[in-house]
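The chain contents come next:
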Amino acid sequence: EFRRASTLADAELAVSLAEALHARAQQVWSAQNLAIAYTRQGEYLGASATLRAALLQAMTAADRSMLESRLCLVYWGQGGFLAARASLGASLCQGNSDSGIILGLSSLERGQLGRAKTLFRSVLGHDPSQPWARRGWGLSMLPH
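Presented here is an overview of the structure given in this document. These numbers come from a predicted model, not from an experiment.

Our next topic: the packing of helix α5 (residues 61-93) against helix α6 (residues 97-109). Contact geometry for α5 and α6: axes closest at 9 Å, N-to-C directions at 120 degrees. The orientation of α5 with respect to α6, classified from their angle, is oblique. Both α5 and α6 take part in a crossing whose hand is left-handed. Contacts between α5 and α6 involve Ser69, Cys72, Leu73, Trp76, Phe81, Leu88, Gly89, Ser91 and Leu92 from the former and Asp98, Ser99, Gly100, Ile102, Leu103 and Ser106 from the latter. Residues of the contact of α5 with α6, tallied by class, amount to 8 nonpolar, 6 polar and 1 charged.

So this is what it looks like as structure tokens:
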């Protein structure tokens, strides 16, 4: 039901269901789903509180990286690039490729081409198996 509500963009129902799921499960996946539901409804404080609480628990390095990445996006949505910059930088230092992409895009928007190139290359070198890392992917995204 949560997935259906999320797919239908019924934010209010999705939040209610995600809150119930997370109250019951208290797992990484339930915290992430609740944070996403909150974010879609514009409840950035609830999203960041949920993620920060979840990050206090023991979890795998991959799960921690994923939740920290989500927290960066929440901070960015809540207060823009300046609010998320410290979190993005810390996440990038921990090897999170999403942070490299976000920082690269931000550098590109500000005309800092050299910095953007370096950030994008670091992401490609970190995980070359991603579809967007394959040769010609960028060209395939251009309108016909």
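Judged by side-chain polarity, Leu105, Leu108 and Leu113 come together as a nonpolar surface patch covering roughly 270 Å² of accessible area. With respect to the helices and strands, Leu105 occurs in helix α6. On the basis of relative accessibility, which here comes to 40%, the residue Leu105 falls in the partly exposed class.

Let's shift gears to unusual backbone geometry. Backbone geometry places Gln26, a non-glycine residue, at a positive phi of 50 degrees. Tracing the sequence through the fold places Gln26 in the loop between α2 (11-25) and α3 (28-40).

Cut-offs and rules
- Numbering of residues starts from 1 in each chain and follows the order in which that chain's sequence is written.
- Where totals are concerned, whole chains, interfaces and linings use all residues; where local detail is concerned, this predicted model gives features only for residues with pLDDT of at least 70, and gives and counts side-chain atom pairs only at 80 or more.
- Excluding hydrogens and water, the side-chain values take into account all heavy atoms of the structure.
- Comment: axis = line fitted to C-alpha atoms, over the contacting stretch for helices; angle = value between 0 and 180 degrees taken between N-to-C directions.
- A helix here means a DSSP run of H or I that spans at least four residues, while a strand means a run of E at least two residues long, and both kinds are numbered starting from the N terminus.
- These descriptions rest on fixed angle ranges, namely under 35 degrees for roughly parallel, over 145 for roughly antiparallel, 65 to 115 for roughly perpendicular, and the rest for oblique.
- Working rule for handedness: look at the near helix, and if it is turned counterclockwise from the far one by less than a right angle, call the crossing left-handed; if clockwise, right-handed.
- By the convention used here, residues are in contact when the closest approach between their heavy atoms is within 4.5 Å.
- Only Asp, Glu, Lys and Arg are considered charged in this grouping, and only Ala, Val, Leu, Ile, Met, Phe, Trp, Tyr, Cys and Pro are considered nonpolar; every other residue, Gly among them, is considered polar.
- Residues with no salt bridge and a relative accessible area higher than 30% make up the patches, which join like charges within 9 Å and nonpolar side chains (Val, Leu, Ile, Met, Phe, Trp, Tyr) within 5 Å.
- Every accessible area reported is derived by Shrake-Rupley at a probe size of 1.4 Å, with residue values counting cover from the shown protein chains alone.
- Here, a salt bridge means any side-chain nitrogen of Lys or Arg that lies within 4 Å of a carboxyl oxygen of Asp or Glu.
- The cut-offs for exposure are 20% and 50% of the maximum accessible area for each residue type, with area from a 1.4 Å probe on protein chains only; residues under the lower value are buried, those over the upper are exposed, and the others partly exposed.

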